[in-house]
Amino acid sequence: MSEVPPNHPLDRPIWSALTTRQRELAEGGTDARRFPLAIAPFADMVDMSPRSFAALGALLSGPDIAVLFTPDPVPVPPEFKVLLAETGEQMIGVPADHSAPGVEIVTLGATDVPAMMALTELTKPGPFSVRTHELGSFLGIRINGELVAMTGERMKPGNYTEMTAVCVHPEHRGRGYAQALLSAVARQIVARGEIPFLHVFTSNVSAIALYRRQGMEIRRRLHITVLQKQGVGMLGKVG
């Protein structure tokens, strides 16, 4: 694992994204911000003070959840309940070029949202909502008209762009589709002068191994915390 520079924009990728290249999407203010829930449930605070937690709580209503990516464990106040507290690996680098012979990689758009939602619901790559595709380019592979694999762009902190929703239908795995899509998305990111990165749960050892084989490396470990305000009966969902 490489040395972690202090105050790097990727140490708090959600806050960095919502205060730099994706600030026009931010809901909230100086103490707490989040993406619109129809795009992603990601949120963060300027610090872990009571004032910032109060600002975060003001952004949440009903069963809303807030997904935080932070360098340290979140000291959750009693006004919130923790739905998930795990760690994830933040990986960085340009995946090696890879092709999937015999298939075409296509650009996905608004008309593909139902198929994208169905694929992510089946494969559980992480949060994906009806407007997530608006965050950047999403590429996919169709077999006999069915979307069977896709990958796209999500958070954009500073000069970095996150690759996300790496998913392949269970019946079409082992054919190099994920590798081909990752390299295609990464090429687009690099062509814009940006640096690709991604997040993966620490427990997902097979995915980490795949990304390592493609030439990516672990930059650091982050804490992934899902919060919901107390008194809500319906549990939120990360995916």
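Residue positions within a chain follow its written sequence, with the count starting from 1. Note on the predicted model: pLDDT of at least 70 is required for a residue's local features to be given, and 80 or more for side-chain atom pairs to be given and counted; whole-chain, interface and lining totals, by contrast, use all residues. Computation of side-chain values: all heavy atoms of the structure, hydrogens and water removed.

1. Description of the pairing of strand 7 (residues 138-143)
- In short, DSSP must find at least two bridges between two strands for them to pair. Think of it this way: any DSSP run of H or I at least four residues long counts as a helix, any run of E at least two long counts as a strand, and we number them from the N terminus. Across three bridges, strand 6 (residues 105-107) lies against strand 7 in antiparallel orientation. Residue pairing across strands places I105 opposite I141, the latter belonging to strand 7.
- Pairing geometry for strand 7 and strand 8 (residues 146-153), over six bridges, is antiparallel. Looking at strand 8, one finds that L139 is bridged to T151.
- Adjacent in sequence and paired antiparallel, strand 7 and strand 8 are bridged by two residues, among which N144 carries a positive phi angle near 55 degrees.

2. Description of the environment of A118
- Take A118: it is sitting in helix 3 (residues 113-123).
- A118 gets classed as partly exposed once you look at its relative accessible area, which sits at 48%.
- Once the C-alpha coordinates of A118 and L147 are considered, the two residues, 29 residues apart in sequence, prove to be 9.1 Å apart. Three labels apply to residues, based on accessible area from a 1.4 Å probe with only protein chains included: buried if under 20% of the type maximum, exposed if over 50%, partly exposed otherwise in between.

3. A look at the packing of aromatic side chains
- Stacked, tilted and edge-to-face are the three classes applied to pairs of Phe, Tyr and Trp rings, where Trp contributes its six-membered ring and a pair requires centres within 6.5 Å; stacked means planes under 30 degrees apart, edge-to-face means over 60, and tilted covers the rest. Following the criterion strictly, the structure yields four aromatic pairs and no others.
- When the ring of F42 is compared with that of F69, the centres are 5.3 Å apart and the planes differ by 65 degrees; the resulting orientation is edge-to-face. Placement of F42 in the loop between strand 2 (32-34) and strand 3 (43-45) and of F69 in strand 4 (residues 66-70) is noted, with a sequence separation of 27 residues between them.
- Residue F69 is classed as buried on the basis of its relative accessible area, which comes to 6%.
- Note on F53 and F80: the rings are 5.8 Å apart at their centroids and 55 degrees apart in plane angle, and the pair reads as tilted. Of this pair, F53 sits in helix 2 (residues 50-59) while F80 sits in strand 5 (residues 80-92), placing them 27 residues apart in sequence.
- Across the ring face of W15, the terminal group of R33 is positioned such that the distance to the ring centre comes to 5.9 Å. By definition, being over a ring means that NZ of Lys or CZ of Arg is both within 6 Å of the ring centre and within 35 degrees of the ring normal.

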